[in-house]
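# Working through the structure, step by step
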Amino acid sequence: MIKPIANTTCHLCSKPYDDPRILPCLHSFCLQCLHHETEKSGSQQMFQCSICEQSINIPVGSVLPQNLHLGFEVELAGYMSKMVSNSELCCDECVDGRNGLAVVFCCMCRQFLCRHCRDHHSSSRKLSKHNVVGLDQEGARQLQTTIKPRDHYCSQPNHEDNKLNVYCETCSMLVCLSCITGTHKSHSVKEISTVAKTHQMETTGALEDAKEVMTKLTGAIDENNRMIEQVEVSKRNAFLAINQAFEILQQTLEERKKTLLSELEAISLSKTTALTLQKEQFETMVGDIGHYTDMVSQILQTHTDHEIVALGGLIPTELQATVKRVQTISLTPNQHSNITVSVHTDDCIKQLSKLGNIFDFYPSPYSSTWMSTSVARVGTRYHVKVQSKTSKGEEYPHGDVEVKGKMTHNGAVVYGEVEDHRDGTYTITLTPQTAGPHQLLLTLNGQHIQNSPTDLDVKPKRDYHTLCNSQQVIQCHWPLCVAIHDNGDIYVGSGDHCIYVFDQTGQLKNTIGSSGSGDVQFSSPYGISIKGDVLYVADNGNHRVQKLTSSGKFLHKFGQQGSGQGLFNNPAAVIIDSNNKLIVSEQSNRRLQKFNESGGWLLTIDGNGSGNRSFQLPWGLALDPQGNIHVASYGSKSVKVFTKEGVYVRMYGDPNDPIGIAIDDEGYSLVSEWRGHCLSIYDPEGNKIHTVGNLKNPWGIALDPRDGNVFIANYGANTVLKYCV
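Here's what I pulled together on the structure shown here.

Turning our attention to the packing of helix α2 (residues 68-83) against helix α4 (residues 137-146). Where α2 meets α4, the axes come as close as 9 Å, and the angle between the chain directions of the two elements is 165°. In terms of axis orientation, α2 runs roughly antiparallel to α4. The crossing of α2 and α4 is right-handed. Seen from α2, the contacting residues are Leu 76, Tyr 79, Met 80 and Met 83; seen from α4, they are Gly 139, Ala 140, Leu 143 and Gln 144. Across the contact of α2 with α4, the residue classes tally to six nonpolar, two polar and no charged.

Structure, rendered in structure tokens:
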């Protein structure tokens, strides 16, 4: 039987391989096809294998190795195809095949021979030992077992008769003995048999590794099959559990239905019985009164005066007594007809629509994360948000996972209250009782969450009632607004149309900008806000917002005077929310606008009109821990609160021309009063708890992000004041 031959057709040209070259991905193509494909792609170095789609880098000047074995297979397939084709073949030995058609094939000469040339082979001492086979299936089978790969000869000029039996390691190619004395002189060369043996050993080692990997893969396939079977088992178990749960629900609902119907029947019977008894009482009275009225009518019509007098007052007395009995009782039905049923199906349906979960993964404590945006303080609730995640780092969207948290300090432990939001997130609330270094430990299913345990510094309880005397005074001409960098530097917008930068000791270290309308020039920088190393300036007189680096390098600007979207009319303040969105207040347009980092308009909160949501001369802005926007409404003498979407929430306070506002991480508001010459402090509910006086036209307020200390631009006194909390 003829053995199957490997595929000898090129995947690119669909023809038998011509000089096949092998790529690093071990797929082979015709050399000419490779040249054509690289030229077509415009890259002489990159080639994408059309079989495995792997991108192959072919360095310029490199020579891809020949697939000699595949070339031999192509040659063999060509011979065998002709041998079994039953077509007439010319003799390869005769000139123009003049002696007739081929009848045999010589496996040594690789020639089809006619009878004459066959006989010559048989009679030639040199050729008689060649293996000659017939042109049929049996001959093709013999050819497969007999023919050997050709010897390969050097292609260099004058070396054509030399076999390639030496390998040049320097050039990574086969050469002949003559080459090593010429172009490959002084190169590192080895006999081809030695190199082949080394390659065979390496290939054998790689083969053993491949077999080992194959064994593992086979085991993995078996494990997958086992897991597939387990999935079916889990599916059946889950199916039964779901059916059982809903059967119990149906049974419970049916029992509840029977109970309600029974209660309905009892109430209905009670009402009907009471009404029936009352009706019978009324009917008895009707009968009595009818009897007396009939008798009286008859007496009055048939009796003589003597007979009527003889009866005396008996009849009127009885009749009046009956009437009085009727008058003393209520003729209104003693039961109302309404029977109201209260079955809150909407809530029940909502719960049922979310009843149960099917999980195909489970959260991993090592992938789950946590964060907290609040500062830990004594006696204050400290919130930690945990996001459970799978081992792949994907957010786990379900609840019912055991999450715990606690703080430890010198042996004392504070345990957290855990709220399961049923969406894979949890809020842990802890209330530390002592200041100082603590350790925060967060676990999921008994294992530490990523970055747990961690050190946590609990700060003393903040007490604004002690905020009376400033601990630092910085001299600054016409301070309008103030912002604090993470490194402690103090930025002050000044009526000098510039921004002064002071270090933590109050020493001036930089001046940003000057008066004008160009880049990094200002006309009354009423509001500034800094996040990281980016500084935003509400350039009031130029009706724009400028974006600078913290050192004062210009980055971007947006806005011009007007009342349309994205335009400004005297911007007074700018703040940055947690999503890097900008919120700008405008005095003259009586509105707030929200923008992205590039100045693209997103939202307008209009303060025009009447009612609580309206405001006049909106000035200072601040965000509370929930992300709500607080507006110091100078003209409205109040603070207005809106959601980040612009929905009015509430108003609070009665400040005397509020102009600046800041809010700490606990939700306490600090509001400067321009004409009140003071700083008012409000708790998170909007109740005033303290007032700091002896100020002179205070303007902007900022809180140090590191410790919460308060900085106030005391405009009328040309100072910036620092209060420690």
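The next point concerns the packing of helix α5 (residues 192-302) against helix α7 (residues 314-328). Relative to each other, α5 and α7 sit at 150°, their axes nearing to 10 Å. Overall, the two elements α5 and α7 adopt an arrangement that is roughly antiparallel. α5 and α7 meet at a crossing whose hand is left-handed. Counted together, Met 285, Asp 288, Ile 289, Tyr 292, Thr 293, Met 295, Val 296 and Ile 299 of α5 and Ile 315, Glu 318, Leu 319, Thr 322, Arg 325 and Val 326 of α7 form the full contact between these two elements. Its residues assigned to classes, the contact of α5 with α7 comprises nine nonpolar, two polar and three charged.

Per the stated rule, a full pass over the model turns up 17 aromatic pairs. Aromatic side chains Trp 674 and Trp 699 sit 5.4 Å apart centroid to centroid with 80° between the ring planes, which places their arrangement in the edge-to-face category. Taken as a pair, Trp 674 in the loop between β40 (669-673) and β41 (678-682) and Trp 699 in strand β43 (residues 698-703) lie far apart in primary sequence, 25 residues in all. On the basis of relative accessible area, Trp 699 is assigned to the buried category, the value being 6%. Grouped by ring-pair contacts, the aromatic residues Tyr 526, Trp 619, Tyr 634, Trp 674, Trp 699 and Tyr 715 constitute a single cluster.

Moving on, we get to unusual backbone geometry. Between Ser 452 and the following residue, Pro 453, the backbone shows a cis peptide bond with an omega angle of 0°. Position of Pro 453 among the secondary structure elements: in the loop between β18 (447-448) and β19 (454-458). The phi torsion at Asp 657 lies on the positive side, around 60°, for a residue other than glycine. In this structure, Asp 657 sits in the loop between β38 (648-652) and β39 (658-663).

For Asn 714, the location among the structural elements is in strand β44 (residues 710-714). A polar contact of 2.9 Å, which involves the side chain of Asn 714, links it to the backbone nitrogen of Lys 696. When sequence neighbours within four positions are dropped, the list of residues in contact with Asn 714 reads Pro 479, Leu 695, Lys 696, Asn 697, Pro 698, Thr 719 and Leu 721.

About the criteria used
Residues numbered from 1 in each chain as written. Predicted model: local features only at pLDDT ≥ 70, side-chain atom pairs only at ≥ 80, totals over all residues. Heavy atoms only, no water. Axes fitted to C-alpha atoms, helices over the stretch in contact; angles between N-to-C directions. Helix = DSSP H or I, 4+ residues; strand = E, 2+ residues; numbered from the N terminus. Parallel < 35°, antiparallel > 145°, perpendicular 65-115°, else oblique. Left-handed = near helix turned anticlockwise from the far one by under 90°. Contact = heavy atoms within 4.5 Å. Nonpolar A, V, L, I, M, F, W, Y, C, P; charged D, E, K, R; others polar. Phe/Tyr/Trp six-rings, centres within 6.5 Å; stacked < 30°, edge-to-face > 60°. Buried < 20%, exposed > 50% of the residue type's maximum accessible area, 1.4 Å probe, protein only. Polar contact = N/O pair within 3.5 Å; in protein donor to acceptor, adjacent residues only side chain to side chain.

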